[in-house]
Amino acid sequence: MRSKKPTRTVLLACLAAIGLVAASVAPSMAAEQKMLKIYVSTGFDGNTWMDASTNLLRAIAKTKAYKDRVTLEVQSARGDAQTQQQQINAMTQAGADIILAWPISPTALNRAVRAACQKGVTFFTWDAEVTEPCAHYVGIDQEWAGAGPAEWLAQKLNGHGNIIFMGGIPGTMVDTRRNAAAKAIFAENPGIKIIADTPSMWNSATARQKMAEIIAAQGWDR
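Residues numbered from 1 in each chain as written. Predicted model: local features only at pLDDT ≥ 70, side-chain atom pairs only at ≥ 80, totals over all residues. Heavy atoms only, no water.

A. Expanded view of the overall build of the protein. For the protein, the count of helices and strands is 8 helices and 8 strands. Counting only residues that meet the buried cut, the protein has 42% of its 222 residues in that class. Surface summary for the protein: the accessible area is close to 11600 Å², and the carbon and sulfur share equals 54%. (Helix = DSSP H or I, 4+ residues; strand = E, 2+ residues; numbered from the N terminus. Buried < 20%, exposed > 50% of the residue type's maximum accessible area, 1.4 Å probe, protein only. Areas by Shrake-Rupley, 256 points an atom, 1.4 Å probe, with all protein chains shown as cover.)

Spelled out as structure tokens, the structure:
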């Protein structure tokens, strides 16, 4: 499932899918009085977007539609693929019914994801994907998310100017696709020059530090 819509719509789509899973097991749930155990594994934290995403999930889980049907636990891998893999394995062993993940790597988690699916866990990723086919993906068109802003900037600059390019977390699917799409647009506009290219780690403090370093090294007159 792909969309150009913002995070709220994407997460609501995830919860809607979770609702379908809940409905599909409703007879056994009624018999056992069992609540679905949902775990959330975020590949990183430290920015307002991820905070908003996890807060929205917590809020939706407490609504009338879900509060008597699910329990929700959120964990962060803090940018480390091995940690996230271990988290997913632990969630599976803890009896997760559903795992919802923002994967820090598209491939490094595949073994843990596959093991979860084999144990009967319904596995979702949002915004970023894994290549393990048993995982369900809900997210936006990441190529558009990179190319769209790049096209806007190219138009505003009339195809000429020096720019600083800041990506996100290197190696993630989101960063790789967005960066490639954006740079393809800039390549079509040879008058636009990337004078500095650095990852921001999707963290405002890191972005400010990187910007200060670039300005100190190159100044504003370029």
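B. Fine view of the state of the cysteines. Inspection of every chain in the model, using the stated rule, returns 1 disulfide. Here Cys117 engages in a disulfide with Cys134; their sulfurs sit 2.1 Å apart. In this structure, the disulfide formed by Cys117 and Cys134 twists by about 80° around the S-S bond and is classed as right-handed. Here Cys134 lies in the loop between strand E5 (122-126) and strand E6 (136-140) and Cys117 lies in helix H5 (residues 110-118), a separation of 17 residues in the sequence. (Disulfide = S-S within 2.5 Å.)

C. A look at the packing of helix H6 (residues 142-156) against helix H7 (residues 173-187). Orientation of H6 relative to H7, taken along the N-to-C sense of each, is 35°, at an axis distance of 7 Å. For the crossing formed where H6 meets H7, the hand is right-handed. Contacts between H6 and H7 pair Gln142, Glu143, Ala145, Gly146, Ala147, Ala150, Glu151 and Leu153 from the former with Met173, Val174, Arg177, Arg178, Ala181, Ala182, Ile185 and Phe186 from the latter. Partitioned by chemical class, the residues of the contact of H6 with H7 number 10 nonpolar, 2 polar and 4 charged. (Axes fitted to C-alpha atoms, helices over the stretch in contact; angles between N-to-C directions. Left-handed = near helix turned anticlockwise from the far one by under 90°. Contact = heavy atoms within 4.5 Å. Nonpolar A, V, L, I, M, F, W, Y, C, P; charged D, E, K, R; others polar.)

D. Spatial organisation of the pattern of salt bridges. Scanning the model with the defined rule gives 6 salt bridges in all. Across the salt bridge formed by Glu132 and Arg114, the nearest N and O atoms sit 2.9 Å from each other. One end of the pair, Glu132, is in the loop between E5 and E6; the other, Arg114, is in helix H5, and 18 residues separate them in sequence. Here Glu132 falls in the buried class, since its relative accessible area comes to 9%. Given a relative accessible area of 36%, Arg114 falls into the partly exposed group. Put simply, Arg177 and Glu143 hold a salt bridge, and the shortest N to O gap is 3.8 Å. Taken as a pair, Arg177 in helix H7 and Glu143 in helix H6 lie far apart in primary sequence, 34 residues in all. For Arg177, a relative accessible area of 27% gives the class partly exposed. Several salt bridges converge on common partners, so that one network encompasses Glu129, Glu143 and Arg177. (Salt bridge = Lys/Arg side-chain N within 4 Å of Asp/Glu carboxyl O.)

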